[in-house]
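Descriptive structure summary
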Amino acid sequence: MPRTSSRKGPTNSSASSNSSTVDLFRAASGRAASKELERIDQLFYSYSSDGSSMIDPEGIESLCSDLEVDHTDVRILMLAWKMQAEKQGYFTLDEWRRGLKALRADTILKLKKALVDLEKEVRRPSNFADFYAYAFRYCLTEEKQKSIDIESICLLLDLVLGSQFRAQVDALIQYLKIQSDYKVINMDQWMGFYRFCNEVKFPDLSNYDPDQAWTLILDNFVDWLKSKRG
Amino acid sequence: MVKVPKSPLALKSKESFSMHGFGYDSSSDDYKVVTLSHYDTDNEHRPNDTFVDVKRGVWKRVDSSPYDHLAPQLPHWDMSFSGGFCEWGLSIGWLVTENRVPRLLLLLSIPAPGGFDVQMFVFNKLGGCLCLINARENGPMDVWTMKESDIDITTLSQSGGKNRKSRKCRGAIRKYEDLSGVFEKSIRRIKGKKRLRESEGKEEKKPRDSHLTPIRFPPQKMTMNQRNTIDLDQGWDFMQKGITKLKNILEGLPEPQFSSEDYMMLYTTIYNMCTQKPPHDYSQQLYDKYRESFEEYIQSTVLPALREKHDEFMLRELVKRWLNHKIMVRWLSRFFHYLDRYFIARRSLPALKEVGLTCFRDLVYQELNGKVRDAVISLIDQEREGEQIDRALLKNVLDIFVEIGMGQMDYYENDFEAAMLKDTAAYYSRKASNWILDDSCPDYMMKAEECLKREKDRVAHYLHSSSETKLLEVEDLSRMYRLFSKIPRGLEPVANIFKQHVTAEGTALVKQAEDAASNKKAEKKDIVGLQEQVFVRKVIELHDKFMAYVNDCFLNHTLFHKALKEAFEVFCNKGVAGSSSAELLATFCDNILKKGGSEKLSDEAIEETLEKVVKLLAYISDKDLFAEFYRKKLARRLLFDKSANDEHERSILTKLKQQCGGQFTSKMEGMVTDLTLARENQTSFEEYLSNNPNANPGIDLTVTVLTTGFWPSYKSFDLNLPAEMVKCVEVFREFYQTKTKHRKLTWIYSLGTCNINGKFEPKTIELIVTTYQAAALLLFNASDRLSYQEIMAQLNLSDDDVVRLLHSLSCAKYKILNKEPSTKTISSTDVFEFNSKFTDKMRRIKIPLPPVDEKKKVIEDVDKDRRYAIDASIVRIMKSRKVLGYQQLVMECVEQLGRMFKPDVKAIKKRIEDLITRDYLERDKDNPNLFKYLA
């Protein structure tokens, strides 16, 4: 392998230069990386069904039980985000590698620990919006599907925003369940919920301006909240 | 008998004074009738003298005599002709020859023993001399002949024969007096008089009174009789007496009124003094003295009287003084009238009347107008505070401001109006700021309303005191407009008040209609619709009324048009008792246009009403809803032959097209055209049948082929047609295919009508039913009894339809089917049987099938169309703008669609959401208020 031969040169040279040190380091890390990659792949294959290039829902379930988290836990969704997994319930090898490499996790134990950091990473504001949008996209399972039914939206809301915006999410879910104008929610409305939670003072709603381009469902939600309050 | 044509130059007889003369004019060998007529109203003297050649029947205008205006004040007069000249005389002794240049010949007084108690007066030619015949009842008859300038008098003793003649004279005079077209030429006019001897000197009467001494003037044609020159002092002394007399009358001192002679003498004195040869022509001096007379009177009497009074008392004094002053001007300018004619005219000096008014303006008005203005404004403010004031006084005072301008409004505007406006503004802003401080917003609004109402009440009160109700109200509004138009932005509050008022009246109408509708509902539901009809009528009337105000009082100002529009938009869009105004208007039109509608109107009235309804439509925001309702009703009119008049149908479409554009009416026009085409189609179908006897289905069939897009959408159910009708449909389809290819016929049975014979035991009756009803009835040709379920299955109709049509056949007026159990409603377990005992006194009856309430469907259809319209509009806008802020987008969308309807912002939002889902738009990632168009 050319890499090995080139590695030899600088090692033998007494005059070690900075560059050779870097090379050395690089070589060492390269070696470690390839080892790591191997282990990541091994881990992948331990969950994928025989000969398949994908971990299917069943595999994910056993992964979850190894990680000791529920498969509906938000951290699994975060993991999927990290992998940029495209299809709900499935991880491809590429996605698996992308995610686990970034997390520097090549064993179940490391992965389990990494999830803690991953959650912190996701909660960083610069990432969260992306994660939030990803969560919606992740739920689009059908070809050309653009919207998600109210019931799933409620679950998803609770999952991704529940810990951060408890009161808003509870009220919103309550409203979504009793309203009859909408049966599905599109991406724009979904993003609107997040913006609402972030920007509107709750529960007094004092800075909610209906003349802004809030989605109609939020206008209605606010009207409903206000009328409920009397 | 000669008929004299009516003069085209004549003045209106009611408003003018006229007198007539008749004579023979040797120069043209013709008889002439002269009329001297003039307006003599309120000091205005407009003469209009004409004559007609009797033979030729042509009227001509002649220069009027400067003395015409004196004539009506005199009891007797007459006219005659000679040599192309008209000569006329007046009973107290005028003699005037009228030619191109009017000339005063002689002023004389008739020294008759009876004074001026003259019964008859004939003026004519006697033996080539002018003569006056002065006849008195039971008295001697005086005949005055004039030879050159001398006057001869003959007094005839009273005798029977002479009296007869005098009666004849009277007859002649009377004839002249009531000249109205027919003139009898009287030749005997002079014959009798010729016998009167002209006896010089004999029994000549000398004037008894020196004042009445004949005064002669120096006409060139006559031999001069020297007149003594009157010097200024002497003449003025005489004038002064007259002026003093006038002042005494004005001051209310005991003084007899002016007689005609007094007046004549004063006038003559001026005339004499102005016509003397220089240096004795005193025109200039008299002109100055005329002015001085006023100045002296004002300084010595008027001003002191005014200065000692204040406030309202001062105003009263001023009104009185102004009235007196005008009287003084009238009289003095008459005395000095000759100055106006020549001296003033020639030198282009201010006329006598103007001089008189100027004196008052310069001396009285200039000194007092500030004080007067303050007093008036203080009175107005008092009234605003609820006190009683003398409105008539106020009006009189304000009239002075107007009149003093002599046709110009400057004095009124500058000296009064401006200050009044300022005060009004100050008053109300003071009030308003107090109210705003003290009151809550609704209270403030109520007070403002109250204030508005008080202004109205005041006007109303004002109007009651006057007889010219309408005129004054209008005048008042006009004045208000004029007042407020003077201050910058001053009209806005007025327009605003106007708007509020119109809105209030309109809203009251809505309320009234609402109440009427709810009362009616409690009693009986049948006549619902009548109230709405009345309501629309009232709204039209309201619109007429206020539009007239805007045009006439507010000078068509755009601000007021806008106010009117906005006010109507407020209450016209409210709707009554669950019906939108769009529906009400469509129903209103339907009632007018359909046969036997509730309105019985002439063609012109219908046209006018339709015109007005269309105008109202401009205020309705849901024009698309109107169009849909209108189309529904139009469809019924056309398809069921209920349209009363094709021309009216087309006429209203033209009006709608003009106002709302071609797109608005294209479908409706298509419908009307469709019906014409359908008639042609039917004719060719009948031809087809007669050419193909085999094809004939044995039933008369009329098919109306309509173009899908033009007509409202109808549900086309798969009704199982009776076999007879299936044949019909097939025959027609075959025929239609021979005419057109690639066209699909969809049968709408719900709109069909059938005439079927019911063979009842008592007699056969022709039943006019719908196709649905017919299909149901024909089922009983095959079975005697059928259950609800069986009927429904065989007809293949929905429950709703089956219930409706079975109800019409078994529970309504005509019970063609017997129902078990015999109840008032249809249930799915009922069983039906043909009622063979049924009968009716008519041979043909119509069994109505109440139409399904279309309102809900119309509204749904409109909603659907609106969604498309909003989508299209948003895409149009975004396609051209690519990136656009949310608010801008909504605004442009509302603007684009506003001609058809007023889109709800929520509806627009909803469409935006939908377009985002469909990837037409996306929200900007960084600015959530920005949308981007996705090509």
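What you see is a predicted model; the values in this text were computed from it and never measured.

Thoughts on the sheet that holds strand β21 (residues 844–846) of chain B
Residue and element names in this part refer to chain B. With mixed pairing, the three strands of this open sheet are ordered in space as β16-β17-β21. Strand pairing shows two members of the sheet lacking a second neighbour, β16 (753–759) and β21, which therefore form its edges. Neighbour-to-neighbour, the strand axes of this sheet turn through a mean angle of 25 degrees, independent of strand direction. Of the strand pairs in this sheet, strand β17 (residues 764–770) and β21 are connected by three bridges, and their pairing is parallel. Opposite E766, over in β21, you have R844 as the bridge partner. Against the sheet, helix α22 (residues 771–778) contacts β16 and β17, and its axis sits at roughly 130 degrees relative to β17.

Structural notes on the pattern of salt bridges
All names here are of chain B. Summed over all chains, the structure comprises 55 salt bridges over all chains. The salt bridge involving R844 is made with E766; its shortest N-O contact spans 3.7 Å. Here R844 is found in strand β21, whereas its partner E766 is found in strand β17, with 78 residues between them in sequence. Taking the relative accessible area as the measure of exposure, E766 reaches 23% and is therefore partly exposed. Put simply, E922 and K932 hold a salt bridge, and the shortest N to O gap is 3.8 Å. Here the residue E922 occupies a position in strand β23 (residues 921–923), and K932 occupies one in strand β24 (residues 930–933), the gap between them amounting to ten residues.

Considering the interface of chain A and chain B
Counting from both sides, the interface comprises 19 residues of chain A and, opposite them, 13 residues of chain B. Carbon and sulfur atoms make up 41% of the area that chain A and chain B hide from each other, which totals about 1,400 Å². Together, A:D188, A:A213 and A:L216 form the three largest contributors to the area buried by chain A at its contact with chain B, with a combined 39%. Where chain A touches chain B, the interface holds four salt bridges. In this structure, the salt-bridge partner of A:D188 is B:R923, at a minimum N-O distance of 2.6 Å. Linking chain A with chain B are 15 residue pairs in polar contact (both at pLDDT 80 or more). Listing elements by their share of the side of chain A that touches chain B, those giving two or more residues are α10 (187–199) and α11 (216–229) of chain A. It is α11(A) that provides the largest number of residues to the side of chain A that touches chain B, a total of five residues.

A short note on the nonpolar core
With 71 residues, the main nonpolar core has A:F91, A:W96, A:L157, A:L161, A:L176, A:W190 and A:F193 as its most contacted residues. Not counting residues within four places of it along the chain, the set of residues in contact with A:L161 comprises A:F128, A:Y132, A:L156, A:R166, A:V169, A:Y194 and A:C197. Of all hydrophobic cores here, the second largest spans 64 residues; its members include B:Y263, B:V329, B:F335 and B:I389.

Observations regarding the packing of helix α9 (residues 166–178) of chain A against α11(A)
Residues and elements named next belong to chain A. The geometry of α9 relative to α11 is characterised by a closest axis approach of 10 Å and an angle of 100 degrees between their N-to-C directions. Taken together, the axes of α9 and α11 are roughly perpendicular relative to one another. Every residue of α11 that contacts α9 at Q168, A171, L172, Q174, Y175, L176 and I178 is listed here: I217, N220, F221, W224, L225 and K228. Each residue belonging to the contact of α9 with α11 can be placed in one class, and the counts come to nine nonpolar, three polar and one charged.

Regarding the sheet that holds strand β20 (residues 831–834) of chain B
Residues and elements named next belong to chain B. The strand order across the open sheet built from three strands is β18-β20-β19, with neighbouring strands paired in antiparallel fashion. At either margin of the open sheet sits one strand with a lone partner, and together these are β18 (785–787) and β19 (817–820). With direction set aside, neighbouring strand axes in the sheet form an average angle of 25 degrees.

Notes on the confidence of the model for chain A
Residue and element names in this part refer to chain A. The share of residues in chain A with pLDDT of 70 or more is 86%, and the mean pLDDT across the chain is 82. Confidence, read as mean pLDDT per element, is least for helix α1 (residues 2–12) in chain A (40) and greatest for α9 (92). Here residues 1–17 is a poorly scored stretch, pLDDT under 50, and it has four contacts once near neighbours within four places are set aside; other chains count.

A few points about a positive patch on the surface
Together, A:K183, B:K864, B:R867 and B:K910 make up a region of like positive charge exposed at the surface. By the secondary structure assignment, B:K864 is in helix α25 (residues 855–881).

What counts, and where the lines are drawn
- Residues numbered from 1 in each chain as written.
- Chains lettered and ligands numbered in written order.
- Predicted model: local features only at pLDDT ≥ 70, side-chain atom pairs only at ≥ 80, totals over all residues.
- Heavy atoms only, no water.
- Pairing = 2+ DSSP bridges.
- Helix = DSSP H or I, 4+ residues; strand = E, 2+ residues; numbered from the N terminus.
- Axes fitted to C-alpha atoms, helices over the stretch in contact; angles between N-to-C directions.
- Contact = heavy atoms within 4.5 Å.
- Salt bridge = Lys/Arg side-chain N within 4 Å of Asp/Glu carboxyl O.
- Buried < 20%, exposed > 50% of the residue type's maximum accessible area, 1.4 Å probe, protein only.
- Buried area = accessible area lost by both parts, 1.4 Å probe.
- Polar contact = N/O pair within 3.5 Å; in protein donor to acceptor, adjacent residues only side chain to side chain.
- Core = buried A, V, L, I, M, F, W, Y, C linked by side-chain atoms within 4.5 Å.
- Parallel < 35°, antiparallel > 145°, perpendicular 65-115°, else oblique.
- Nonpolar A, V, L, I, M, F, W, Y, C, P; charged D, E, K, R; others polar.
- pLDDT = per-residue confidence, 0-100.
- Patch = residues over 30% accessible without salt bridge, like charges linked within 9 Å, V, L, I, M, F, W, Y side chains within 5 Å.
- Areas by Shrake-Rupley, 256 points an atom, 1.4 Å probe, with all protein chains shown as cover.
- Lys, Arg positive; Asp, Glu negative; His and termini not counted.
- Charge placed at Lys NZ, Arg CZ, Asp CG, Glu CD.

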